[in-house]
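Summary of the model geometry
Each chain, letter by letter, is given below.
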Amino acid sequence: MNGKNRKDIKAGLKVSIVLKKDQRSGKLTEGVVKDILTNSPTHPHGIKVRLESGKVGRVQAIHS
């Protein structure tokens, strides 16, 4: 799963996100979803979430 569909993402899931400052380099940050910040059902660059660590970014990958 690629993180572009809001229905695929739930609090407690382990995901990789790209932070705003890392968008150019593509560096990913792993963490657990605390809040989903995007309201629309899909987003072409990934659904924006807040991790339990407080970091905010767009989901690039969902880990099972």
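Residues numbered from 1 in each chain as written. Predicted model: local features only at pLDDT ≥ 70, side-chain atom pairs only at ≥ 80, totals over all residues. Heavy atoms only, no water.

Let's shift gears to the overall build of the chain. Scanning the chain from terminus to terminus reveals zero helices and four strands. Traced from its N-terminal end to its C-terminal end, the chain shows the element sequence β-β-β-β. Classification of the 64 residues of the chain by burial places 34% in the buried group. Summed over its atoms, the accessible surface of the chain is roughly 4200 Å², and 50% of this surface lies on carbon and sulfur atoms. Computing the positive centroid from 14 side-chain charges and the negative centroid from 5, the chain places the two 6 Å apart. (Helix = DSSP H or I, 4+ residues; strand = E, 2+ residues; numbered from the N terminus. Buried < 20%, exposed > 50% of the residue type's maximum accessible area, 1.4 Å probe, protein only. Areas by Shrake-Rupley, 256 points an atom, 1.4 Å probe, with all protein chains shown as cover. Lys, Arg positive; Asp, Glu negative; His and termini not counted. Charge placed at Lys NZ, Arg CZ, Asp CG, Glu CD.)

Pairing in this closed barrel of four strands is antiparallel, and the strands run β1-β2-β3-β4 around the ring. Here the strands of the sheet are splayed against their neighbours by 70° on average, with no regard to which way each runs. Alignment of strand β1 (residues 14–19) against strand β4 (residues 56–63), held across six bridges, turns out to be antiparallel. Looking at the pairing, Val 15 lines up with Ile 62 of β4. (Pairing = 2+ DSSP bridges. Axes fitted to C-alpha atoms, helices over the stretch in contact; angles between N-to-C directions.)

Turning next to the side chain of Arg 58. By secondary structure assignment, the location of Arg 58 is in strand β4. Although buried, Arg 58 forms no salt bridge, and the nearest oppositely charged side chain, Asp 22, lies 13 Å from it. A polar contact is formed between the side chain of Arg 58 and the backbone oxygen of Gly 46, at a distance of 2.9 Å. With residues up to four places along the chain from it excluded, the contact list for Arg 58 reads Ser 16, Ile 17, Val 18, Thr 38, His 43, His 45, Gly 46, Ile 47 and Lys 48. (Salt bridge = Lys/Arg side-chain N within 4 Å of Asp/Glu carboxyl O. Polar contact = N/O pair within 3.5 Å; in protein donor to acceptor, adjacent residues only side chain to side chain. Contact = heavy atoms within 4.5 Å.)

Now for the pairing of β4. Direction of pairing for strand β3 (residues 48–51) relative to β4: antiparallel, over a ladder of three bridges. Residue pairing for β4: Val 49 is matched across the bridge by Gly 57. Where β3 folds back onto β4 in an antiparallel hairpin, the turn is made up of four residues, including Gly 54, whose phi is positive at roughly 95°.

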